[in-house]
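Below are the chains, spelled out letter by letter.
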Amino acid sequence: MTMLSERQQLSYIAAQAADARLNVELETEGMTLNIGPQHPATHGTLRIIARLDGEQVVWAEPVPGYMHRGYEKLTEVRTFPQVTTLINRIDWLGSFANEVPFILAAEQLMEVEAPPRAQYIRTILFELSRIANVGLFLGDLGVQMGAVTPVFLAFRDREHVLNLIEGATGGRFHPNFDRIGGLKDDLPAGWVAETRQVMKRMRMFCDELEDLLFGNEIFQSRTRNVGVIPADVAKSYGLSGANLRASGVDWDLRRDQALPMAWDKVDFKVWTHPDGDSWARCWVRLQETRESTKIVDQLLDGLPAGPVMAKVPRIIKVPAGEAWVSTENPLGEMGYYVVSKGDLGPFRVKIRSASFNNISIASWVLKGVYVPDIITILASLYFILGDIDR
Amino acid sequence: MDAADAPAALPGDALREGVVERLRADLGAGLIDSHLVPQTDLWVRVSTEAWADAAASLKAQGFDYFCFLSALDWMPSPYGKGEDDPTVEKEPLSTEVVPGVTGGDTRFQVFARVTDVRRHFGVTVKADVPDTLEMPSWIPSFAGANWHERETHEMFGITFAGHPDLRNLYLPGEFEGYPLRKDFPLLSRMIKPWPGIVDVEPMPDAAEEEDGTAEATPEEGGAA
């Protein structure tokens, strides 16, 4: 655990020296600051304990567990189709994306594959979840730094995306739409044209935020060179998604693995940034949201006709075996390790959620930063409590 | 690292077999078994002693992205799914330990996954957990194993030698028992009979299931 950057080592030594000196002369001492579990900047009930020396963090630790719902245990008493209801609630801002890797793992064990149209619609809804999820993140960033306007813009435009998801699936937040072998239903009439309009609008939203937020001097000075994570540290902690790409690692599960989804049918760019700071993480997410709207447009152009459900038995029994499938979810790599014993339900499901790894780096990255930066760093790492605690 | 480093094609099985060969060279008898699903995934099983060395060997081979670490309890639950009618005397369920792919000799196994982000494939590593329930820690190789080992400790009661701080991550400090073990009852299913016992849709009969494969359209689902 000696992976401290030079800057962190220096600040750590300085903090200790300051502590020792001040203790004698001014009778001051370090202090422990508790942030949360109920705090506007924590996106839910994450608690952070920070040991401070003046304004500098000497040591910090996130304390999760206020929202642990035990989904891994609950999956063991559910049948395979029932599990999607639970896992919808892991990352509640991008629910449909949670269902996909589990369904793909079950399909891999059953050796069934969804028909092409279902694969396309799955991918479209997956990307819409990403736009809804990351769009809210982009707006929320402003609030963390005292700018109130972006969050209103984000809620205003996210509503259109949620309406699309609701139109196709019937659920705004928890679609529960993915089935083993395909989808519950086909798209409603007029949905495709509506989606094209909304994608245009979301691109405008991205432009608007880029001007308003990313061009803002306060935003830049609060995030540039703050919370730098080098690529090797990021990988050893298992950071994924935009957090990893912002450290210069060019890895995207949409492009880099063969899945029965439609990402290989479209052109898109995987954005990376060499800096690894808070600004890079936010910037990569902004670019990805824009890229997602283009993916959706291309998929709508190529949407094949046909059924949306493969032939599967009425009673789903998954053959014995083990499968691991992960996808590039809005928050990062999300995967399910599914163990089946040939029963109606899974024997064990290990849920690998992105935020759990993404936030476990906090105690490393928060060493040596100043108190206001705690908020921006955590915001830029972007976690959702349900995705940490499961 | 830039895009030019990325290979054009997705990894083939030759790459995965190469990993097994390299592990055999590094660990010797420590590598017990491997399981390859063509074009899909690779599993290896190592001995308890070789657990930490396997991490170091894989990291040296380029698997420097830590995905997850957890444990498996291969004993079937003695409580079933908690969906039985409480008025009916039930037969005791089998609690025979049956391991999964790559086999196993113990009730508990730890398993972890690491990924090579340059060559775009991952490997799942398993190891038997001895009766002392103590395993070497992966933290020297992967700092991210810290939280995963804490979670595995509180959920399965497996300790990791060399872990700096095995406090509970989720549960209150005084919580007793290890919830993800199969013999830990799911209390919400114990205190109240499963409502599905009385509120059931008629299941399609066996004959229909045999022929088949009726397409599950939403109309059928709704009307049943």
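Each chain has its residues counted from 1, following the order in which its sequence is written. As they are written, the chains are lettered A onward and the ligands numbered 1 onward, keeping that order. At least 70 in pLDDT is required for a residue's local features to be given in this predicted model, at least 80 for side-chain atom pairs to be given and counted, and no such filter applies to totals for whole chains, interfaces and linings, which use all residues.

## Digging into the overall build of chain B
Each helix corresponds to a stretch of at least 4 residues labelled H or I by DSSP, and each strand to a stretch of at least 2 residues labelled E; elements are numbered beginning at the N terminus. Per the secondary structure count, chain B includes six helices and seven strands. For chain B, the sequential pattern of α-helices and β-strands runs α-β-β-α-β-β-β-β-α-β-α-α-α. The buried share among the 224 residues of chain B stands at 37%. Working definition of a contact: two residues with C-beta atoms, positioned from the backbone, lying within 7 Å. Here the analysis covers contacts within chain B between residues at least 6 apart in sequence; of these, 64% occur between residues at least 24 apart. Exposure classes come from backbone-placed C-beta atoms, where a residue is buried if 20 or more other C-beta atoms lie within 10 Å of its own, exposed if 12 or fewer do, and partly exposed in between.

## Side note on the overall build of chain A
Within chain A one finds 15 helices and eight strands. Compactness check: chain A gives a C-alpha radius of gyration of 22 Å against a globular reference of 21 Å for 390 residues, within 12% of the reference. Projected onto the principal axes, the alpha-carbon positions of chain A cover approximately 80 × 45 × 35 Å. Going through the 390 residues of chain A one by one, you find that 54% of them count as buried. Taking contacts inside chain A between residues at least 6 apart in sequence as the whole, the part at least 24 apart equals 72%. C-alpha atoms define the radius of gyration in this analysis, and the globule rule sets the expected value at 2.2 Å times the number of residues to the power 0.38.

## Some points on the sheet that holds strand β3 (residues 65-73) of chain B
Two modes of strand pairing occur in sheets, parallel and antiparallel, and in both the strands are linked by backbone hydrogen bonds. Residue and element names in this part refer to chain B. When DSSP locates at least two bridges between a pair of strands, those strands are taken to pair. With mixed pairing, the five strands of this open sheet are ordered in space as β1-β2-β5-β4-β3. Whereas interior strands pair on both sides, the edge strands pair on one side only; in this sheet they are β1 (31-37) and β3. Geometrically, the sheet is characterised by an average inter-axis angle of 20° between neighbouring strands, direction not taken into account. In the sheet, strand β2 (residues 41-46) pairs with strand β5 (residues 121-128) via four bridges, with the strands oriented parallel. When the sheet's bridge partners are listed, W43 is paired in β5 with T124. Each axis is a line fitted through C-alpha atoms, and for a helix only the stretch in contact is used; angles between axes span 0 to 180 degrees, taken between their N-to-C directions. Sitting on the sheet, helix α1 (residues 13-27) touches β1, β2 and β5, and the angle it makes with β1 is about 175°. Packing of helix α3 (residues 145-156) onto the sheet brings it into contact with β3 and β4 (108-116), and relative to β3 it is tilted by some 10°.

## A closer look at the environment of Q82(A)
Residue and element names in this part refer to chain A. With respect to the secondary-structure elements, Q82 resides in helix α3 (residues 80-87). Looking at Q82, the number of C-beta atoms within 10 Å reads 14, which means it is partly exposed. Sequence spacing of Q82 and E194 is 112 residues, and the spatial spacing of their C-alpha atoms is 31 Å.

## What to know about α3(B)
With 12 residues, α3(B) extends 16 Å between its outermost C-alpha atoms, agreeing within 8% with the 16 Å of an ideal straight helix rising 1.5 Å per residue. Counting buried residues along α3(B), 11 of its 12 residues qualify, which places the element largely inside the surrounding structure. When α3(B) is considered as a whole, its buried residues turn out to be A145(B), N146(B), W147(B), H148(B), E149(B), E151(B), T152(B), H153(B), E154(B), M155(B) and F156(B). For α3(B), the elements touching its buried residues are α12 (354-360) of chain A together with β3, β4 and β7 (159-161) of chain B. In this analysis, the expected span of each helix is defined as 1.5 Å times one less than the number of residues it contains.

## Here's the deal with the sheet that holds strand β3 (residues 56-63) of chain A
Residue and element names in this part refer to chain A. One open sheet accounts for three strands, arranged β1-β2-β3; its pairing is antiparallel. In this open sheet, the two strands that pair with only one neighbour each are β1 (31-35) and β3. Each neighbouring strand pair of the sheet contributes to a mean axis angle of 20°, computed without reference to strand direction. Two elements, strand β2 (residues 47-53) and β3, share seven bridges in a ladder whose sense is antiparallel. Among the inter-strand pairings, I49 is bridged to a residue of β3, identified as E61. Across the sheet, helix α14 (residues 371-381) lies against β1, β2 and β3, angled at about 145° from β2, the strand it touches most.

## Here we look at the environment of V97(B)
Residue and element names in this part refer to chain B. Tracing the sequence through the fold places V97 in the loop between β3 and β4. According to the C-beta neighbour criterion, V97 is partly exposed, with 15 such atoms within 10 Å. Excluding residues that lie within four positions of it along the chain, V97 makes contacts with W74, M75 and R107.

## A word on the confidence of the model for chain B
Residues and elements named next belong to chain B. Mean pLDDT over chain B stands at 77; residues scoring 70 or higher make up 75%. Per-residue confidence from the predictor is reported as pLDDT, a score between 0 and 100. In this model, residues 1-8 is a region of pLDDT below 50 whose contacts with residues beyond four sequence positions or in other chains number nine contacts. Note that residues 212-224 has pLDDT below 50 and, in this model, 14 contacts with residues that lie over four places away or in other chains. Interface scoring of the predicted complex returns ipTM 0.82; its pTM is 0.83.

## Focus: the nonpolar core
All names here are of chain A. Formed by 157 residues in total, the largest nonpolar core has its most connected members in A105 and A106. The element that contributes the greatest number of residues to this core is helix α5 (residues 116-144), accounting for 13 residues. Setting aside residues up to four positions removed in sequence, A106 forms contacts with F80, I180, V318 and V338. Think of a nonpolar core as buried Ala, Val, Leu, Ile, Met, Phe, Trp, Tyr and Cys residues chained together by C-beta atoms that fall within 7 Å.

## Re the packing of helix α4 (residues 95-110) of chain A against α5(A)
Residues and elements named next belong to chain A. The N-to-C vectors of α4 and α5 enclose an angle of 135°; their axes lie 7 Å apart at closest approach. Relative to α5, the element α4 is oriented oblique. Where α4 crosses over α5, the two elements pack in a sense that is left-handed. Contact residues: α4 offers S95, F96, A97 and V100, while α5 offers R122, L125, F126, S129 and R130. Residues that form the contact of α4 with α5 fall into these classes: five nonpolar, two polar and two charged. Roughly parallel means an angle under 35 degrees; roughly antiparallel means over 145; roughly perpendicular covers 65 to 115; every other angle is labelled oblique. Left-handed describes a crossing in which the near helix is turned anticlockwise from the far one by less than a right angle; the clockwise case is right-handed. Three classes are used, and their members are as follows: Ala, Val, Leu, Ile, Met, Phe, Trp, Tyr, Cys and Pro are nonpolar, Asp, Glu, Lys and Arg are charged, and the others, Gly among them, are polar.

## Regarding unusual backbone geometry
All names here are of chain B. A positive phi angle, near 60°, is found at H120, a position not held by glycine. Following the sequence through the fold, H120 ends up in the loop between β4 and β5. Classification of H120 by C-beta neighbours within 10 Å gives buried; the count is 20. For L133, which is not a glycine, the phi torsion comes out positive at approximately 55°. With respect to the helices and strands, the residue L133 is situated in the loop between β5 and β6 (134-136).

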